[in-house]
Amino acid sequence: MTNTQVTLVQIDNYGPWTVTPEPRREADLQTMQSRLYADISQFVGNRGGYVFFSRFDNMIAVTNGLSMADHELLQESVNNRYPVTLSLGVATGTSPVQALADATTLVQEAGSAQDKSRRECLKGRAIETAHQTADDVQIAHFDVINATGNYTDELNAFDTFIEIEQGYAELMRHMRTAHESLSFFVGGDNIIVTCPDLTEGDYEDAIHHVEDAVDVELQVGVGRGENAHDAGFAAKHALEICRADGTRVEVDW
Ligand SMILES: Nc1nc2c(ncn2[C@@H]2O[C@H](COP(=O)(O)OP(=O)(O)OP(=O)(O)O)[C@@H](O)[C@H]2O)c(=O)[nH]1
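Just so you know, these numbers come straight off a predicted model, no measurement behind them.

Around the ligand, 14 residues are found, and the nearest of them are D143, N146, T148, K236 and R243. Taking D143, its side chain carries an N or O atom lying 2.5 Å from an oxygen atom of the ligand. V186 is positioned with one of its backbone polar atoms (N or O) 3.3 Å from a nitrogen atom of the ligand. Protein contact buries 59% of the 640 Å² of open area that the ligand shows by itself. In terms of residue count, the dominant contributor to the shell around the ligand is strand β6 (residues 137-144) (three residues). Among the residues forming the shell around the ligand, the class breakdown is four nonpolar, six polar and four charged.

Written out as structure tokens, the structure reads:
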């Protein structure tokens, strides 16, 4: 059974900072946000986790394998190198949506995202090493079938972007409401989803739902593992089987 550890990463008091003492240059904010994301991705990724940029001021991570001490080190390291600090909430559950909801509540209870006195709060609990199992994390890696031939090489770049985003929006809503799963656009035509224990049929339904709603054709590889990297890597290999064999859903178990 899955036991997903989710971390909410929230930049402290970021809104006011972006306009103090006057609005900061947008390109500088974009540069800082993307460097911060890159650094967090490297830190979390080196320990087997995944982090998704989501809104940049709020990032969502699958952190199975990271201890609370690891989280504390991330906060310290960011504080030493960036003009902003991070608050972190950590929670675990069979449902990724519920785990994220719990992690969010922990941060919200510590204070508002725009509270000057809430800095570097670290709340919650990590899974103890002894309790980790090989099916704690289930990751689905979706991609648009032949995005290059159907969109990238055919439409202008913005119309391609609209098509891909439509597919993403429909999938993320369906996976959130029907399957307690969190979906994230990761670039190109790829969407990575952290899921509870779903069946092959659930993934088939999701693909058909998106196709019926917005006419975007998806394929998906699914993997399990002790952490996000292991599950996600198995999912990528499963997706390669879809690409080679023309199947729509491949699960790695
Ligand atoms: N983040 C991420 N992006 C990927 C990955 N694989 C492909 N992409 C992105 O997706 C884009 C399209 O590549 P593909 O998905 O291989 O191409 P396609 O035309 O859809 O072909 P098929 O997937 O074989 O149907 C690439 O330009 C990348 O931006 C991946 O594993 N992770």
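The structure having been displayed, the exposition proceeds.
Our next topic: unusual backbone geometry. Cis geometry is adopted by the peptide bond preceding P21, which originates at T20 and carries an omega value of 0 degrees. Checked against the element boundaries, P21 lands in the loop between α1 (14-18) and α2 (26-45). The backbone phi angle of F56 is positive, close to 70 degrees, even though this residue is not glycine. You can see F56 is positioned in the loop between β2 (50-52) and β3 (58-62). The residue D215 is not glycine, and still its phi comes out positive at about 60 degrees. Within the secondary structure layout, D215 lies in the loop between α7 (200-214) and β9 (218-225). The exposed category is assigned to D215, whose relative accessible area is 57%.

Okay, the domain arrangement of the protein next. Along its sequence, the protein is carved into domain 1 (4-131) and domain 2 (137-251). Taken over C-alpha atoms, the centre of domain 1 sits 25 Å from the centre of domain 2. Opposite the 16 residues of domain 1 that make contact, domain 2 presents 19 residues. A buried area of about 1400 Å², summed over both sides, lies between domain 1 and domain 2, and 74% of it is on carbon and sulfur atoms. Counting every contact that joins domain 1 to domain 2 gives four residue pairs in polar contact (both at pLDDT 80 or more). The greatest single-element share of the side of domain 1 that touches domain 2, amounting to four residues, is contributed by helix α4 (residues 96-110). Looking at the side of domain 1 that touches domain 2 residue by residue, the classes come out as eight nonpolar, eight polar and no charged.

Once that is clear, we can look at α4. A rise of 1.5 Å per residue sets the reference length of α4, with its 15 residues, at 21 Å; its end C-alpha atoms lie 22 Å apart and thus fit the reference within 8%. Residues of α4 that are buried include every one of P96, V97, A99, L100, A103 and V107, and no others. For α4, the arc enclosing every buried residue in end-on projection is 160 degrees, short of the 170-degree limit, so these residues lie on one face. Looking at α4, the residues exposed on the side facing more than 90 degrees away from the buried face are Q108 and E109. Structurally, α4 contributes buried residues whose contacts are with β1 (4-11), β3, β4 (86-93), α6 (157-179), β7 (182-187) and β8 (190-195). Residue G111 follows α4 closely and has a positive phi angle near 145 degrees.

Conventions we followed
Residues numbered from 1 in each chain as written. Predicted model: local features only at pLDDT ≥ 70, side-chain atom pairs only at ≥ 80, totals over all residues. Heavy atoms only, no water. Near = heavy atom within 4 Å. Polar contact = N/O pair within 3.5 Å; in protein donor to acceptor, adjacent residues only side chain to side chain. Areas by Shrake-Rupley, 256 points an atom, 1.4 Å probe, with all protein chains shown as cover. Helix = DSSP H or I, 4+ residues; strand = E, 2+ residues; numbered from the N terminus. Nonpolar A, V, L, I, M, F, W, Y, C, P; charged D, E, K, R; others polar. Buried < 20%, exposed > 50% of the residue type's maximum accessible area, 1.4 Å probe, protein only. Domains from an automatic or database assignment. Contact = heavy atoms within 4.5 Å. Buried area = accessible area lost by both parts, 1.4 Å probe. Expected span 1.5 Å × (residues − 1). Arc of directions from axis to C-beta.

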